[in-house]
Amino acid sequence: MNLENEILNTAIALARKAGLTLLESNGDVQVLSKKGDNSNIVTAADAASEAIIVHGVRQKYPDHSIIAEETGCDLRGSEFTWVIDPLDGTSNYAAGIPWFGVLIAVLQGKKPVAAVIHIPSTGDVYSAQAGRGAFKNDEPIFVAHNDMLADVLWAYGMDGGSTDEEAERNTYLLSKLLRRVRNIRATNSLMDPAYTAEGRLGGMLNQSTRLWDIAAPMLIVQEAGGLYTDLTGQQLDLDISESAADKEYAVLAGAPQLHSEVAALVRETRLHCKTDHAGGVISFY
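What counts, and where the lines are drawn
All residue numbers here refer to positions counted from 1 along the written sequence of the relevant chain. Side-chain atom pairs in this predicted model are given and counted only at pLDDT of 80 or more, local residue features only at pLDDT of at least 70, and totals for whole chains, interfaces and linings cover all residues. Computation of side-chain values covers all heavy atoms of the structure but excludes hydrogens and water. UniProt positions are given in the numbering used here, feature names are shortened, and annotations may be inferred rather than shown by experiment. Helix and strand definitions here come from DSSP, where helices need a minimum of 4 consecutive H or I residues and strands a minimum of 2 consecutive E residues; each element is numbered from the N-terminal end. One fewer than the residue count of a helix, multiplied by 1.5 Å, yields its expected span. Only protein chains enter the accessibility calculation, which uses a 1.4 Å probe. A residue is then buried if its area is under 20% of the maximum for its type, exposed if over 50%, and partly exposed in between. By the criterion applied in these results, polar contacts are pairs of N or O atoms within 3.5 Å in which, for protein atoms, one can donate a hydrogen and the other can accept it, and in which residues neighboring in sequence qualify only through two side-chain atoms. Between rings of Phe, Tyr and Trp, where Trp is taken as its six-membered ring, a pair exists when centres lie within 6.5 Å; planes separated by under 30 degrees are stacked, by over 60 edge-to-face, and by other angles tilted. Any two strands with at least two DSSP bridges between them are considered paired. Any two residues having at least one pair of non-hydrogen atoms within 4.5 Å are treated as being in contact. The angle between two axes is taken between their N-to-C directions and runs from 0 to 180 degrees, where each axis is a line fitted to C-alpha atoms and a helix contributes only its stretch in contact. Angles below 35 degrees are treated as roughly parallel, those above 145 as roughly antiparallel, those between 65 and 115 as roughly perpendicular, and all remaining angles as oblique. Helix crossings get a hand from a simple test, with the near helix turned counterclockwise from the far one by less than a right angle marking a left-handed crossing and a clockwise turn marking a right-handed one. Nonpolar cores were defined as sets of buried Ala, Val, Leu, Ile, Met, Phe, Trp, Tyr and Cys residues, with membership established by side-chain atoms within 4.5 Å.

Under an unreviewed UniProt entry, the protein has the name Inositol-1-monophosphatase and belongs to Rheinheimera soli. In the Sequence similarities (unreviewed entry) part of its UniProt record, the protein is described as follows: "Belongs to the inositol monophosphatase superfamily." Here is the UniProt Cofactor (unreviewed entry) comment for the protein, exactly as written: "Mg(2+)".

Below you can see the structure in the form of structure tokens.
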């Protein structure tokens with residue numbers, strides 16, 4: 001087995017193991033703290049899941065770097081960096097909604113080369129290796145074949161802790177998008193990129209994400225034939241430095257034609273929505 005296959009298989013095994021811990025704790029959720037605002041919480045399950053994954057990586061690859069949501073950066077100068085979200089969709093999880101799971105990506109330099117999305121409530125595993133396609137439970141998956149936004153559902157995510165101005169410009173774009181697609185869905189979790197990668201959704205847009213939210217979904221969507229970029233269609237530059245946890249990303253993903261139309265809508269919105277406090281119009285950044 002070559003190193004890339006070994007790394008992916010290890011990531012899948014660790015995601016499954018961590019997922020079992022999440023299922024065992026679900027329904028008895030202990031909220032430990034809130035991060036930054038009331039919309040972002042940490043539970044005991046986040047810590048337990050992350051401990052399992054980090055311990056497994058350290059046993060197998062002691063020299064690899066790790067960037068994990070709860071414990072931060074452990075950079076060791078390796079060409080490989082494990083990016084870990086031990087419980088994506090924590091607010092869903094705490095509310096007893098089954099839209100949660102585990103995200104693990106392995107980067108070589110700044111490029112994702114292996115990725116896993118695991119959804120414990122269904123047992124589904126989405127995975128990808130760079131250049132080898134995307135899979136759900138070992139079956140190939142592909143983004144939607146539609147070329148009309150009006151024919152697809154689209155996921156839209158944003159955090160509740162935004163400022164008034166951020167909330168207004170985000171909902172302004174949402175209102176524009178809502179008029180173009182068949183309907184909007186919002187799990188604000190790993191379900192959105194998973195369903196995008198297998199074509200259930202035409203695509204997704206999320207206004208506020210971190211490295212661990214996007215590293216694995218990026219590769220899986222791309223390997224499923226989709227695009228995964230910033231909101232205007234530009235390539236994402238992943239920060240894997242000590243400051244990785246501080247950088248926010250607004251991301252857009254989907255089938256190529258649909259993605260291009262939404263990116264154009266974002267650019268158009270930015271051009272035409274100017275600051276005019278007297279008129280009550282809030283500028284779109």
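Next comes the rest of the description.
J.: Which parts of the structure should I look at to understand helix 1 (residues 3-25)?
T.: Because each turn of an α-helix spans 3.6 residues, side chains separated by three or four positions end up pointing in the same direction. The terminal C-alpha atoms of helix 1 lie 33 Å apart, and with 23 residues this matches the ideal 33 Å at 1.5 Å per residue to within 8%. Regarding helix 1, the residues found buried are Ile7, Leu8, Thr10, Ala11, Ile12, Leu14, Ala15, Ala18, Gly19, Thr21 and Leu22. Between the side-chain oxygen at the start of helix 1 and the backbone nitrogen of Glu4 there is a gap of 3.3 Å, and the oxygen is on Asn2.

J.: I would appreciate a short explanation of the environment of Ala13 in the present structure.
T.: Looking at where Ala13 falls in the secondary structure, it is placed in helix 1. C-alpha separation for the pair Ala13 and Ile53, spaced 40 residues apart in sequence, amounts to 9.3 Å.

J.: I'm lost on the packing of aromatic side chains in this one. Help?
T.: Two measures describe an aromatic ring pair: the distance that separates the ring centres and the angle between the ring planes. All chains considered together, the criterion is met by 2 aromatic pairs. With 4.8 Å between their ring centres and 80 degrees between their planes, Tyr93 and Phe100 make a pair best called edge-to-face.

J.: Help me understand the sheet that holds strand 7 (residues 111-119) in this model?
T.: In any sheet, the strands associate via hydrogen bonds between backbone groups, in a parallel or an antiparallel arrangement. Spatially, 4-3-5-6-7-8-9-10 is the arrangement adopted by the 8 strands of the open sheet, whose pairing is mixed. Sheet topology places strand 4 (72-74) and strand 10 (139-140) at the edges, where each strand pairs with a single neighbour. Of the strand pairs in this sheet, strand 3 (residues 65-68) and strand 4 are connected by 3 bridges, and their pairing is antiparallel. For Ile67, the partnering residue across the bridge sits in strand 4 and is Cys73. Across the face of the sheet, helix 1 comes into contact with strand 5 (80-88), strand 6 (101-108), strand 7 and strand 8 (124-129) while running at roughly 30 degrees to strand 7. Packed onto the sheet, helix 6 (residues 211-223) meets strand 3, strand 5, strand 6, strand 7, strand 8 and strand 9 (134-136) and runs at close to 100 degrees relative to strand 7.

J.: Explain the packing of helix 1 against helix 2 (residues 44-60) to me, please; I cannot follow it from the model alone.
T.: Geometry of a packed helix pair, given as the angle between the helix axes and the separation of the axes. Helix 2 packs onto helix 1 with a crossing angle of 155 degrees between their chain directions and a minimal axis gap of 9 Å. With respect to their mutual orientation, helix 1 and helix 2 come out roughly antiparallel. Once helix 1 is placed against helix 2, the crossing between them reads as right-handed. Between helix 1 and helix 2, the residues in contact are Glu6, Thr10, Leu14, Lys17, Ala18, Thr21, Leu22 and Ser25 and Ala45, Ala48, Ser49, Ile52, Ile53, Gly56, Val57 and Lys60, respectively.

J.: Hey, could you run me through the nonpolar core in this one?
T.: Inside soluble globular proteins, nonpolar side chains tend to come together where they are buried. Counting residues in hydrophobic clusters, the biggest one holds 56 residues, and the most contacted among them are Trp154 and Leu205. In terms of residue count, the dominant contributor to this core is helix 6 (9 residues). Setting aside anything within four residues of it in sequence, one finds Leu205 in contact with Trp154, Ala155, Tyr156, Gly157, Leu173, Leu231, Val251, Leu252, Val262 and Val266. With 27 residues, the next largest nonpolar core counts Ile53, Ile66, Ile84 and Val106 among its residues.

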